[in-house]
Amino acid sequence: MYRILIISDSHGMNEEMVKVIGHESADLVVHAGDYGWTVDKMKQYFDYFVDGNNDYDWKSTETFIFANLKFVLLHGDSSWSWNENKWYERLKQIGKEQEADVVIFGHSHKEYIDTTSKPYLINPGSIALPRNSAMRKSYAIMEIDHDKINIAIKYL
């Protein structure tokens, strides 16, 4: 079984994020943007990361293969819509264009998982500045066991 730790929107408030990385056992660690650190510091903690709308030093999109799945990692701000359903459809379309199995994104600071059809969408919420109804900081864990995938949101 493989485990992916998915984090987004830390905005430079990285103490709890570092604790989570140390606490969670993961084979891969990714950040979906708005990290607020230097690229060198991000490389120390993350296998893959992308710039958010508050970062300007790295990449806006990253595509990678892990555990026989193709991932698209992006912040999501370039396809943003106040209509969340339209936004999610745009993100699905980006994933389809890239022939991806999973699209990981952030930007809204609200957790979201859609596994109804591929590409799956995963937004871990914000580990620093949540905007979910409970105002709880969050991140996601994705477990891949052969052809079974489980995605869970965890709260601090």
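For the structure itself, consult the block above.
Residues numbered from 1 in each chain as written. Predicted model: local features only at pLDDT ≥ 70, side-chain atom pairs only at ≥ 80, totals over all residues. Heavy atoms only, no water.

### Observations regarding the sheet that holds strand E7 (residues 111-114)
And step 1. Read from one edge of the open sheet, 5 strands run E4-E5-E6-E8-E7, paired in mixed fashion. If you trace the sheet from one side to the other, it starts and ends with strand E4 (61-66) and E7, each paired once. Between one strand and the next, the sheet's axes are offset by a mean angle of 20°, whatever the strand orientation.
And step 2. Note that E4 and strand E5 (residues 69-74) share 6 bridges and pair antiparallel. Bridge pairing in E5 links phenylalanine 66 to leucine 69.
And step 3. The strands touched by helix H3 (residues 84-97) within the sheet are E5, strand E6 (102-104), E7 and strand E8 (120-124), with E8 carrying the most contacts at an inclination of about 120°. (Pairing = 2+ DSSP bridges. Helix = DSSP H or I, 4+ residues; strand = E, 2+ residues; numbered from the N terminus. Axes fitted to C-alpha atoms, helices over the stretch in contact; angles between N-to-C directions. Contact = heavy atoms within 4.5 Å.)

### Things to note about the sheet that holds strand E2 (residues 28-31)
And step 1. With mixed pairing, the 5 strands of this open sheet are ordered in space as E3-E2-E1-E9-E10. Where the open sheet ends on each side, the last strands, each with one partner, are strand E3 (48-49) and strand E10 (148-155).
And step 2. As paired elements, strand E9 (residues 138-145) and E10 share 8 bridges and run antiparallel to each other. Looking at E10, one finds that aspartate 145 is bridged to lysine 148.
And step 3. The sheet contacts of helix H1 (residues 15-23) involve strand E1 (2-7), E2 and E9, and relative to E1 the element is tilted by about 175°.

### Considerations on the packing of aromatic side chains
And step 1. In total, this model carries 10 aromatic pairs according to the counting rule given.
And step 2. A centroid spacing of 6.2 Å and a plane angle of 55° characterise the contact between tyrosine 88 and phenylalanine 105, whose relative ring orientation is tilted. On the criterion of sequence distance, the pair formed by tyrosine 88 in helix H3 and phenylalanine 105 in the loop between E6 and E7 is long-range, its members being 17 residues apart. Neither tyrosine 88 nor phenylalanine 105 differs from the other in exposure class; each is buried.
And step 3. Considering the side-chain rings of tyrosine 88 and tyrosine 112, the 3.7 Å spacing of their centres and the 10° angle between planes classify their relative orientation as stacked. (Phe/Tyr/Trp six-rings, centres within 6.5 Å; stacked < 30°, edge-to-face > 60°. Buried < 20%, exposed > 50% of the residue type's maximum accessible area, 1.4 Å probe, protein only.)

### Side note on the pattern of salt bridges
And step 1. As enumerated under the stated definition, the model contains 8 salt bridges in all.
And step 2. Where glutamate 143 meets arginine 3, a salt bridge forms, and the shortest distance between an N and an O atom there is 2.8 Å. Of this pair, glutamate 143 sits in strand E9 while arginine 3 sits in strand E1, placing them 140 residues apart in sequence.
And step 3. Each of the salt bridges in this network shares a partner with another, and the network as a whole consists of Arg3, Glu24, Glu143 and Lys154. (Salt bridge = Lys/Arg side-chain N within 4 Å of Asp/Glu carboxyl O.)

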